[in-house]
Every structure is written in C-alpha cells, then in structure tokens.
Amino acid sequence: MTQDTTSGQPEVDRQSMEVDIACVGFGPAMGGFLTTLSRGLLNEDGTPAAESKTMPGMPPQVICYERADDIAFGVSGVVTKARAIRETFPDLDPADIPMTHPVTEERLLYLLDPVGASRRPATVKAADAVIKALRWMLPVRDQALRIPFIPGFMKKHDGLLTSIGQFNQWVGNQLMASGTVQIWPSSPVSGPLMENGRVTGVRLADQGVERSGEPQPGYMPGMDIKAALTVIGDGPAGPVGRILDEKLGLPEGNHQHDFAVGMKVVVELPEGCELKPGTVFHTLGYPEPEIFGFLYVYPDGLASAGVFVPSWFDSPVRSTYRYMQHWMQHPAIWKHLNGGTIRSWGAKTLQESGRRGEPHLVGDGFARIGEGSGTTNVLTNSGVDEAWLSGTLLAEGVLELLKSGEEFTKANLEKAYVRRRRESWLDKDSRKAEKARDGFQRGFVRGMIGMALAGFTRGRLSLSGDGRTPYERVPTLEQFLKGRLTPQEVEKLRTEAHAKGRTLHDSIMELLGWPKIEYDGKLLLSHQDALLVGGKVQAPPGYADHVVFLYPHLCEECGTKVCAEMCSAEAISVNPEGEVPLFDREKCIHCGACFWNCAKHLQDDPERGAIAFRAGAGGLHSAEN
Amino acid sequence: MAGSLQIVVCGGIVPNPLQTLEPTAGPQGPALKNEAMLPAVLDPWAWHALFEAANLAKQAPGSKITLVCMAPKAKLQQVMMTIAQKTVFELQPIDGPASGFVESADVAGELAEVIKGINGLDMQKLLVFGGWESASRGAGTTMQILGEMLGITDQFQGVDEIRLKDDGSFDVLERIEGGKHQVSRCAGAPAVLGWATGNLPEPPNNPQAGMANMRGIMPALQKARPAKPGQDGVKFLDVSLPSQRRETRVVKDTPAEEIARELAEWITG
C-alpha cells in the first residue's frame, strides 16, 4: 500500500459519490454563498431553476462538508460593519441571533505598561513618558490613554457585534430548513481531487485508522465526492486550499507571509459591570506594542475579549495564551473583567496578507472564497463581512452559469465570479489596505505611521516593510536574550527544559520581568483548564494525526521549537527523548498556527516548513466563540 | 438468518453536554439559560440505541429503522446533520419540547401515538429501542411507560447487548450490580429495550447514508407534528445543577496508586 505524501492517505480503491456542487468549510463565506445560492435554486412555484446533472429533474445537489463537529464551533468575536450581511438579510434583527448586538460605542485605548516588562522601543518609551507627564490634561485612566478619535477606516459604527459560532448556527439552520443544500459537520476533507489540472471534487478523510494513518480493522477509506464545481472556503489553514496553493502556486507577486494568532475568551461579566451591550474596545500598546487587543460586550452580561499575536512579533517564545492573560490583567481591562468567569475560549489563525495573499480565485472546476482567498482587510480590521460578500458574489455568478447551462470552466468562473469581485467594494477596499501593515515588519512605530498613512490616503501612501517570512524573522533564543543571558546560560535553560519536556516561554517571560500568573479558577486558568472548561476540546478516535513533522532533520536543527512555544492549545510539546516535538491530537484546536510558525524551512522550497497541517476531526466544542 | 425486524428508536435531543449549563426559570417553567444558543446532540443513550439498531439491522436483512424524536424542529434539523451519516433510517419527528422537564408519561404518550401511526407497523416484528437513562434531566421512566402504552410486556432496561438468533429469539444482557449482566432469553418481538452504553463503537460517517437519509428527513421535518405535552401536569418547585469543583493538574510518571490516593482525598475534600 502506498501513501499520498500530501494528504497522508493510503492509495486504495475508494467509493465515490456524485453531486453538482461540493463545498468545503462552513464559515461566513460559505454562509454567504449557500444563502444566496439556495434562494436561487428554485423558482417561485417550487420547480428547479436549474437542473441537476447528477439527479435529473431535481435542482442541483449542493453539499457542504465542515471539519468541526458542529457548525457552531467556529472561533471569532466579530465586530463588523455588516454591509454585505445586511444586504443579504435586509430585515435582520440582531435580537434573533444570540450574542449579537448593534455597535453602540467604540473606544480606542493605548495601554501603558503597568508591569515594566514590555519590550518597548525607545520611541514608544518616550511616548509613554510624555503621556504620563501630561496625564493631568490627557484622558488617561487606569494606565490607558483613551485616544479621542477613531479613524474612519477603523470605525464600525452602525455595525454589529456577534459570535461567529452563534452567527454560523443561525445561518446554517435557515439554510438547512430551505431543504436545498446540505451541510455535514464532522466531515474533514483531506484534499482536492484533480484530473489534468481540473478540480473534479474532494476526498474525505479516512476513518478507522491509526494515528499514523495506517488502516485499523474498521478502516473506511474517505469517499471521493465528485462535483462539477468545488467551492473552497476552508479558511487560511484549510488543507484543500493549501494543497491547491502548493500545486498551482500563487499568482505572480502574491505571497502568504503575514499571519496572526487570534485568541479569545468569552467572559460572563461580573454583576454591576458598567459596560453596556454593543461597547467595543480596541487596544494597542500592551502586553507588547505589537500585540493588539479587543473587548466586545454582548447582551446578557457576556463579553468577548482577546488578543492578536502577529507573525511580525519577533520573539521565539510567542505564547499567545500567556500574553492574553497579561493583557486581561491590565488595569483598564481588568476593572471590567474582575469578578467574572470564563465561559469559553478559543483561537484561530488569521491570514493577514490580505489581497496580496490572494490565491488563484478560480480554475477549471473550482472557486475560492473567504479568508483563504485573501478577503481579510488588514486596514479596517475586518474579515467576516468581506468573506460573506465573496460568497454571495460567487453564488450570483454560479446561478448565472447554472441557469445558462454553462460549464464551470476557469474562463466562465472568471467572467461570472472574479469580475464581480473586482467590481465590488471588497476588492476596492482591499486594494487600499494592500500595503497598510507593511511598516510593522520594521517595527511598531513605523507600522502605526504606515497604517495611518494608508488609511488617510486611501492606500495611496504607505511605508514599506522588509518582506521577510515568519521563519526568517524568528530570532534564535541566544539572539532574543542577548544582553540578558549568555549563550551558555541559554543552553543550560534549554537543556533543563528539554529534559523535562517543557516549553520555555513561562520561564523566559518571568526572566524578562513578567509576573507569574496567579490562577483564580475563574478568569485566570491554567492553559489546560482553558481547553477543558472553555474550549471543551476533544477529538474522536479513528482519524490520523493531522499535524505531522515531515522532516525530522529540520526539527533536529531547530533550537527554538517555536511550534511548541506558540501552540495555542499545548497540543505540540517538547519531546524529552528527541528533537522532533510530540503531538497530542486530543488537545488540538486546529488553529493552524504551527505550520506558519515553523522556524525551519526546506532550502530548496522556502515556502515549505517541517510541519504538515492536514485534515483532522474534533477540536473546539464550544458554540460561544 | 433471522427474519426482518421493525426497529423503532426513540430519542430526544439534549444540549451538547460539554456546554455550560445553567438552570433558570422560563415563562413555561424551568429551562436552561441561553438554551437556544447551545448546540444540541441526540441524547447519548438514544445515540447508542441507534448504533445498536444499525448493528442489529445488518444481522436481519430487510429490517427497517425508524427514529422517533421529539424536539424543537429547528434544533432537531441541526442534530440530524450529525447523525444522518451514521446509518440509514426514517425520521418521524415531533415538534415539541426537549427540555427534560416534561412529565415522562406525557412524552411516552406522544411517542406511542406516533409509533402506532407508522405505516405498515407490524407488532410481531417491532423492537422499541431507547435510552435506559437520559442526559436531559429525564426520570428514566419514559421507555417503560411507552412499552405499557404499546401493550408490550417484554421489557429490558440497562441493556448492553442483544444477541439475535436465527429463529427470531434473542438473548439480552441487562446490567446488574457489580459489573455483571443478567442474561434473559426472549422468544421474539415485540419488546422494549432501554439501552445502557453497550459495547459498540460509534460508526464512521458514511456520506452515502447521509444523502439517502436527507431525501426523507427534510420533508419529514417540514411535516413534523406539533406537540405540547405536559401543559397541565407536574410543576417543578426548584431545579439546580449538582455543585462542581474542578482542578486540573498534568502529571507525568506518577504511580496510579498515588493518583488514586489524591483523587480520593480530593473527592472526600
């Protein structure tokens, strides 16, 4: 039996099934696609508006496969202008969707460093000193400067706050009630099926296999789902989109080098909390200048709070969880959260290359939508509405092709979908944002100036970055700790931690002055408790490991093990008996941060790291994220 | 080989047990806070009963599985997307409450009415499956009352296994104390089996089963009969969750005896 090195699946005879349109990943982009499509598949009298080629006489058979165990298990606290969403649902009443509320107030806070451990460059330290000196005349409270205006490009006034889990559940229920499309959760898709450059469908993940992928007695090979059109909306870490990118490459000049890990908690706010539903905090400056934070207040005393750790944060010990705990304890945040309780927790990767991360949007037999197709706008900090719009635009094009009986060729999809996308506000806004964050690659201050320039000049001006990939940016521990520890001391620290199978971020952060986290069992939990109490993480048996270390020699050369240090769920850990890290599938939340954080890449293929991030089942089981 | 069977699986839905549950007083009596936003699953005991039905149907070719399920229609629809890939069945939905706060006799009455109305119901082939217990705060009596309402006297509770014989008779293993089973031999259908957790693993997802099921499930859901059982019946004076304590510690190379000792100390507080 041979094994496909990309998907890790054995080459065996497989059952197959034919549908008209196969979809991968149920997020906001697919919600937009399926909602718009389902409304056009039937005429007003209930007859098919177009005929299925696989079930003649019926409307086209549309099936969506979602990796997670429920359509409500997505992650994202959402603040959005909801332009596209409201176009689809003109009578939308936010009260119909749990954890949803109109935006009523926005605050932009610059957080000072109350601890003294933040790695602030001299310019930021100088700004801090000025703010502190003038605090009698500036709006400074609780070690935070409330910036008196929010740039228009960032504002979400008239927008919505929602939970992506609840929003997806609301959309999905309406879709399934329509009876025109099917959405199947617990169905990881291992990759695209391709014949002569054409995508002909998808292959589902094998079931009944060992962690290695070797068949067990109950082996059930993943079925081949053949389709005239495959719609890919599996996000920035989805295997179908990423395999296509590997096979087809990206359009000339494009790259996907900018990422972030977004991590959040949903908190039951303490009684007497003065924050009103619809309040939004954007924060910057702390715990590190590069780490941005957010707090969104939902109805019923709930709030979503968290941070983003970007790929241009040059630290080999980038533990998002630990940084989030320090951020939560900042006086300006803690005064609202203290006394509350964590209800949910989760994390995800964000693809922040935006339009420049755009892959081939269409080809023969396939189309890309959503975040994996480069919809995220890094200037407006918005992604859900843009993803939704990409889905609706594709659906409009697909309905046009279905009704005219045209094939799903690259040329027809270019005409029906890509043209619509290029003419939409999605594309126009993403062009303004294209270079907005480049400056951050050379530092926080340059990044802020560059972003402001891009925002106020509508993208005409910006500051350049250095274009380095995440793995090129990661300093060695010795470089990172230069001036604090000698190389010998670093090696001793590393050796001791390695022998105990421990990561280094806690000890290094404490060495750098960060206080220990005093767990209170309510808001400050151990990382493992966050998984269990907040994320309710679990994985079904019978699936192969989806995180695989492909090139042990690269792991052996790696002195930082960033994959373990930054793992959002401690699913990757240091191996005390070797250099190749260990992976525990039952802890993984499928955020995908490991593949882009890998510090070692192949010399002859610099876009490929040592980690394969494949299709997998399980993960978060919280519907409140 | 045994003749075909008509297996009716009864099951409600419950909030996904991993979610944060908090009882509250609703306009219609006790309810869960934010229940609408909690994802739901088929009651775990009924979930297992469905797997057993699928396994049994394989042993008796020509058998048919019907799932009778009372739950709010919108939630039931979402749950179906999770279970419909497991095995082929016909859904008989009842659009009613799934709170677990409804009197079990009222629930049994609704289920019995639907079962009696199944087209081509053959009592001589009928096996009624369900959960021995329920994760929905149920009293664990629904299946017994349902059996009585259907006039079925052969009833087994806490079932972990059924062994079907060629003559249509079967042995049933019911849980008794001490991890042992009572083995009963039943001459054949009709019978009621309230399932414990059994020994079968969860079947893999089968997309073809899903496609086949959805052709029947969506029309059935659209025609789901509305029901309001328990409108005038039991009144709940108070509801509460058991108190919880949680501490997590990751240990390596700790002897099992040491872990057991610590657990015992922790439990006895």
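Residues numbered from 1 in each chain as written. Chains lettered and ligands numbered in written order. Predicted model: local features only at pLDDT ≥ 70, side-chain atom pairs only at ≥ 80, totals over all residues. Heavy atoms only, no water.

Colleague: Looking at this structure, I do not really get the overall build of chain B. What am I missing?
Modeller: The helix and strand inventory of chain B stands at six helices and 13 strands. In terms of C-alpha radius of gyration, chain B reaches 20 Å, essentially the compact-globule figure of 18 Å for 269 residues. The C-alpha extent of chain B, read off along each of the three principal axes, is 55 × 45 × 35 Å. The buried share of chain B, reckoned over its 269 residues, is 46%. Contacts in chain B between residues far apart in sequence, at least 24 positions, make up 74% of those at least 6 positions apart. Looking at chain B as shown, the accessible area adds up to about 13200 Å², and 52% of this sits on carbon and sulfur atoms. A gap of 6 Å separates the mean positions of the 24 positive and 30 negative side-chain charges of chain B. (Helix = DSSP H or I, 4+ residues; strand = E, 2+ residues; numbered from the N terminus. Rg over C-alpha atoms; globule rule 2.2 N^0.38 Å. Buried < 20%, exposed > 50% of the residue type's maximum accessible area, 1.4 Å probe, protein only. Contact = heavy atoms within 4.5 Å. Areas by Shrake-Rupley, 256 points an atom, 1.4 Å probe, with all protein chains shown as cover. Lys, Arg positive; Asp, Glu negative; His and termini not counted. Charge placed at Lys NZ, Arg CZ, Asp CG, Glu CD.)

Colleague: Help me out: how do you make sense of the nonpolar core in this one?
Modeller: The nonpolar side chains of soluble globular proteins are, as a tendency, buried together. Residue and element names in this part refer to chain A. Core analysis: the biggest nonpolar cluster contains 119 residues, and Phe33 and Leu34 have the highest contact counts within it. A total of eleven residues in this core trace back to one element, the largest contributor, which is helix 8 (residues 384–404). Beyond its immediate stretch of four places on either side in the chain, Leu34 contacts Cys23, Phe26, Val62, Cys64, Leu175, Val181 and Ile183. With 85 residues, the next largest nonpolar core counts Ala332, Val547, Val562 and Ile611 among its residues. (Core = buried A, V, L, I, M, F, W, Y, C linked by side-chain atoms within 4.5 Å.)

Colleague: What is the right way to look at helix 4 (residues 164–178) of chain A in this model?
Modeller: Since the α-helix packs 3.6 residues into each turn, any two residues three or four apart lie on the same face. Residue and element names in this part refer to chain A. With 15 residues, helix 4 should cover 21 Å at 1.5 Å per step; its first-to-last C-alpha distance of 21 Å lies within 8% of that length. With respect to burial, helix 4 is a largely interior element, twelve of its 15 residues being buried. The set of residues buried in helix 4 consists of Ile164, Gly165, Gln166, Phe167, Asn168, Gln169, Trp170, Val171, Gly172, Asn173, Leu175 and Met176. Remark: Gly179 follows helix 4 within two positions and exhibits a positive phi of approximately 75°. (Expected span 1.5 Å × (residues − 1).)

Colleague: Help me understand the interface of chain B and chain A in this model?
Modeller: By a widespread convention, an interface's size corresponds to the accessible area lost as its parts come together. Counting residues at the interface gives 34 residues for chain B, matched by 46 residues for chain A. Contact between chain B and chain A buries roughly 3300 Å² in total, counting both sides, with carbon and sulfur atoms accounting for 56%. Applying the counting rule to chain B against chain A returns nine residue pairs in polar contact (both at pLDDT 80 or more). When contributions to the side of chain B that touches chain A are tallied by element, the ones reaching two or more residues are helix 2 (73–83) and helix 5 (207–222) of chain B. If you tally residues by element for the side of chain B that touches chain A, the top one is helix 5 of chain B, at eight residues. (Buried area = accessible area lost by both parts, 1.4 Å probe. Polar contact = N/O pair within 3.5 Å; in protein donor to acceptor, adjacent residues only side chain to side chain.)

Colleague: What is the right way to read the domain arrangement of chain A from this model?
Modeller: Per the domain assignment, the segments of chain A are domain 1 (16–84 + 165–255 + 355–433), domain 2 (100–158 + 257–351), domain 3 (438–467) and domain 4 (476–535 + 543–613). Summarising the inter-unit geometry, the C-alpha centres of domain 3 of chain A and domain 4 of chain A are found 30 Å apart. (Domains from an automatic or database assignment.)

Colleague: Would you explain unusual backbone geometry in this entry?
Modeller: When glycine is set aside, most residues are seen to have a negative phi, and most peptide bonds are trans. Cis geometry marks the peptide bond from A:Tyr286 to A:Pro287; its omega dihedral reads 10°. Note that A:Pro287 resides in the loop between strand 16 (279–284) and strand 17 (292–297). At the junction of B:Ala189 and B:Pro190, the peptide bond is cis and its omega measures out at 5° in the coordinates. The phi angle at A:Arg458 is positive, at roughly 55°, despite the residue not being glycine. By the element assignment, A:Arg458 lies in the loop between helix 11 (444–456) and helix 12 (470–473).

Colleague: Which parts of the structure should I look at to understand the sheet that holds strand 6 (residues 64–71) of chain B?
Modeller: All names here are of chain B. Taken together, the nine strands give an open sheet; going across it, the order is 11-10-9-12-8-1-6-7-13, and neighbouring strands pair in mixed fashion. Looking along the sheet, the strands with just one partner apiece sit at the ends: strand 11 (181–186) and strand 13 (225–226). Relative to strand 7 (residues 90–95), strand 6 runs parallel, the two sharing six bridges. Looking at strand 7, one finds that Thr66 is bridged to Glu90. Contacts between helix 2 and the sheet are confined to strand 6 and strand 7, with strand 6 contributing the most and set at about 145° to the helix. (Pairing = 2+ DSSP bridges. Axes fitted to C-alpha atoms, helices over the stretch in contact; angles between N-to-C directions.)

Colleague: Explain the packing of helix 1 (residues 28–40) of chain A against helix 8 of chain A to me, please; I cannot follow it from the model alone.
Modeller: Axis angle and axis distance: for two packed helices, these are the angle between their axes and the distance between the axes, and together they describe the pair. Residues and elements named next belong to chain A. Orientation of helix 1 relative to helix 8, taken along the N-to-C sense of each, is 35°, at an axis distance of 6 Å. Considering the relative orientation of helix 1 and helix 8, their crossing is right-handed. Split by residue class, the contact of helix 1 with helix 8 holds twelve nonpolar, eight polar and two charged. (Left-handed = near helix turned anticlockwise from the far one by under 90°. Nonpolar A, V, L, I, M, F, W, Y, C, P; charged D, E, K, R; others polar.)

Colleague: Before we go on, may I ask you to explain a nonpolar patch on the surface in this structure?
Modeller: Judged by side-chain polarity, A:Val130, A:Leu134, A:Trp136 and A:Met137 come together as a nonpolar surface patch covering roughly 450 Å² of accessible area. Counting through the fold element by element, A:Met137 comes out in the loop between helix 3 (122–133) and strand 6 (140–141). (Patch = residues over 30% accessible without salt bridge, like charges linked within 9 Å, V, L, I, M, F, W, Y side chains within 5 Å. Salt bridge = Lys/Arg side-chain N within 4 Å of Asp/Glu carboxyl O.)

Colleague: What's the story with the pattern of salt bridges in this structure? I'm lost.
Modeller: Residues and elements named next belong to chain B. This structure, assessed with the given rule, holds 47 salt bridges over all chains. Among the salt bridges present, the one from Asp171 reaches Arg185, with a minimum N-O distance of 2.7 Å. Of the two residues, Asp171 is situated in strand 10 (residues 170–175) and Arg185 in strand 11; the sequence distance between them amounts to 14 residues. A salt bridge links Glu265 to Arg261, with the nearest nitrogen and oxygen atoms 2.5 Å apart. On the criterion of helical spacing, the pair formed by Glu265 and Arg261 is a turn pair, its members being four residues apart in helix 6 (residues 256–268). The exposure class assigned to Glu265 is partly exposed, which follows from its relative accessible area of 46%.

Colleague: Teacher, can you tell me more about helix 4 (residues 142–150) of chain B here?
Modeller: Residues and elements named next belong to chain B. Turning to helix 4, its buried residues are Thr142, Met143, Leu146, Gly147 and Leu150. Looking straight down helix 4, one finds that the buried residues subtend no more than 135° of arc, so they occupy a single side. At its buried positions, helix 4 is contacted by strand 1 (6–10), helix 3 (104–116), strand 8 (126–131), strand 9 (155–164) and strand 12 (191–195). Within two residues after helix 4, Gly151 carries a phi angle of roughly 75°, on the positive side. (Arc of directions from axis to C-beta.)

Colleague: Can you walk me through the packing of helix 9 (residues 410–423) of chain A against helix 10 (residues 425–433) of chain A in this structure?
Modeller: Residue and element names in this part refer to chain A. Between helix 9 and helix 10, the shortest axis-to-axis distance is 4 Å and the interhelical angle comes to 55°. As summarised for this structure, helix 9 and helix 10 are arranged oblique, according to the angle between their axes. Facing helix 9, whose interface residues are Arg421, Arg422 and Glu423, helix 10 presents Trp425, Leu426, Asp427, Lys428 and Arg431. Taken together, the residues of the contact of helix 9 with helix 10 break down into two nonpolar, no polar and six charged. (Parallel < 35°, antiparallel > 145°, perpendicular 65-115°, else oblique.)

Colleague: I keep staring at the sheet that holds strand 15 (residues 259–268) of chain A and nothing clicks. Help me out?
Modeller: Adjacent strands of a sheet form backbone hydrogen bonds with each other and so pair up, either parallel or antiparallel. All names here are of chain A. The strand order across the open sheet formed by eight strands is 6-7-5-16-17-18-15-19, and the pairing between neighbours is mixed. Sheet topology places strand 6 and strand 19 (341–351) at the edges, where each strand pairs with a single neighbour. Bridging between strand 17 and strand 18 (residues 302–310) involves six bridges; their strand directions are antiparallel. Within strand 18, the position partnered with Gly293 by the bridge is Val307. Sitting on the sheet, helix 6 (residues 320–328) is in contact with strand 5 (105–111), strand 15, strand 16, strand 17, strand 18 and strand 19, with an inclination near 125° to strand 18.

Colleague: Would you take a moment to explain the packing of aromatic side chains for this structure?
Modeller: Any pair of aromatic rings gets described here by the distance separating the centres and the angle formed by the planes. Residue and element names in this part refer to chain A. All chains considered together, the criterion is met by 19 aromatic pairs over all chains. Seen from their ring centres, Trp312 and Phe440 are 4.4 Å apart, and the 10° between their planes marks the pair as stacked. Of this pair, Trp312 sits in the loop between strand 18 and helix 6 while Phe440 sits in the loop between helix 10 and helix 11; the two residues are 128 residues apart in sequence, bridging distant segments of the chain. Accessibility classification places Trp312 together with Phe440 in one group, the buried group. (Phe/Tyr/Trp six-rings, centres within 6.5 Å; stacked < 30°, edge-to-face > 60°.)

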